[in-house]
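Overview (structure and organization)
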Amino acid sequence: RYLGISEYGSGQRLIIDDKVYGREEETARLRDAYNRCSNGECCGALILGEGGVGKSTFAMNSKKFTIAANGYFVSGKFDRDATRPFMVIGDVFNSMCDLFAADIQSIEQERKMAEALTKSLGRDAFLIANIVPNLSNLMPLYTSCESSSFDAASRTRYLLLTLLDTLSKLSKSI
């Protein structure tokens, strides 16, 4: 990050510039991933690095071109909190649910969203409600006592992938 000091009246103030320097190759790769997603390919981006190297700034900078292209930008920050093993995944999916809920323009659109999600996730959607509580903003969540041959991890993975697939078919690029 570039930190510059400028004069303002008789005092000084600190200006923090969130421009990203020297990351042209990474920015191009991120744009390429976004373009592939926009063309129907299922993909995502993971930004990794040591603390303090500018990962969050880089991610927020990419948010600008994603939103400018009428896409959704969601992110999560990994924290080694053993009490919440799905924290990052939950943060990302909760953000997605919030964005989709905010984009609903009519009762009919809301009904179609709930119908599509209920059809794809079924009554098992409640299984991911602890990880993605904001899903309840898009569809009703029912409790279920039906058993399945899938183990809990497989069912959770399946339901999260199904949620992503269904939402991606309903709206603009994520």
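What you see is a predicted model; the values in this text were computed from it and never measured.

To continue, consider the overall build of the protein. A count of helical and extended segments in the protein gives five helices and two strands. For the protein, the proportion of contacts with a sequence separation of at least 24, taken over those separated by at least 6, is 54%. Surface summary for the protein: the accessible area is close to 11,900 Å², and the carbon and sulfur share equals 53%.

Moving on, we come to the packing of helix 4 (residues 107-121) against helix 5 (residues 152-170). Packing of helix 4 against helix 5 brings their axes to within 10 Å, and their N-to-C directions diverge by 150 degrees. Like other packed secondary-structure pairs, helix 4 and helix 5 cross with a definite hand, here right-handed. Every residue of helix 5 that contacts helix 4 at Met113, Ala116, Leu117, Ser120 and Leu121 is listed here: Leu159, Thr162, Leu163, Thr166, Leu167 and Leu170.

Here helix 4 contains 15 residues, and its C-alpha end-to-end distance of 21 Å stays within 8% of the 21 Å for a straight helix at 1.5 Å per residue. Residues of helix 4 that are buried in the fold lie against helix 3 (87-103) and helix 5. At the C-terminal side of helix 4, glycine 122 shows a positive phi close to 70 degrees.

Before going further, it helps to spend a moment on the packing of helix 1 (residues 24-38) against helix 2 (residues 55-68). Between two packed helices, what matters for the description is the angle formed by their axes and the separation of those axes. Put simply, helix 1 and helix 2 touch, their axes get as near as 11 Å, and they point 45 degrees apart. In terms of orientation, helix 1 lies oblique with respect to helix 2. Like other packed secondary-structure pairs, helix 1 and helix 2 cross with a definite hand, here right-handed. Residues Glu26, Thr27, Leu30, Arg31 and Tyr34 of helix 1 form the contact with helix 2, whose own contacting residues are Phe58, Ser62, Phe65 and Thr66. A per-class count over the contact of helix 1 with helix 2 returns four nonpolar, three polar and two charged.

Let us look at the side chain of asparagine 94. In this fold, asparagine 94 is placed in helix 3. Of the polar contacts made by the side chain of asparagine 94, one reaches the backbone nitrogen of asparagine 134; its length is 2.9 Å. The residues contacting asparagine 94, other than those within four sequence positions of it, are Ile131, Val132, Pro133 and Asn134.

A few words now on the nonpolar core. One recurring pattern in soluble globular proteins is that nonpolar side chains are buried together. Residues Leu117, Leu121, Leu135, Leu138, Leu163 and Leu167 are the most contacted members of the largest nonpolar core, which totals 22 residues. If sequence neighbours within four positions are ignored, leucine 121 has contacts with Leu135, Met139, Leu159, Thr162 and Leu163.

A few words now on the pattern of salt bridges. What the rule picks out here adds up to five salt bridges. Residues aspartate 32 and arginine 36 are paired through a salt bridge, measuring 2.6 Å at the closest nitrogen-oxygen approach. On the criterion of helical spacing, the pair formed by aspartate 32 and arginine 36 is a turn pair, its members being four residues apart in helix 1. Taken together, the salt bridges that share partners define one network made up of Glu108, Arg111 and Glu115.

Calculation notes
- Residues numbered from 1 in each chain as written.
- Predicted model: local features only at pLDDT ≥ 70, side-chain atom pairs only at ≥ 80, totals over all residues.
- Heavy atoms only, no water.
- Helix = DSSP H or I, 4+ residues; strand = E, 2+ residues; numbered from the N terminus.
- Contact = heavy atoms within 4.5 Å.
- Areas by Shrake-Rupley, 256 points an atom, 1.4 Å probe, with all protein chains shown as cover.
- Axes fitted to C-alpha atoms, helices over the stretch in contact; angles between N-to-C directions.
- Left-handed = near helix turned anticlockwise from the far one by under 90°.
- Expected span 1.5 Å × (residues − 1).
- Parallel < 35°, antiparallel > 145°, perpendicular 65-115°, else oblique.
- Nonpolar A, V, L, I, M, F, W, Y, C, P; charged D, E, K, R; others polar.
- Polar contact = N/O pair within 3.5 Å; in protein donor to acceptor, adjacent residues only side chain to side chain.
- Core = buried A, V, L, I, M, F, W, Y, C linked by side-chain atoms within 4.5 Å.
- Buried < 20%, exposed > 50% of the residue type's maximum accessible area, 1.4 Å probe, protein only.
- Salt bridge = Lys/Arg side-chain N within 4 Å of Asp/Glu carboxyl O.

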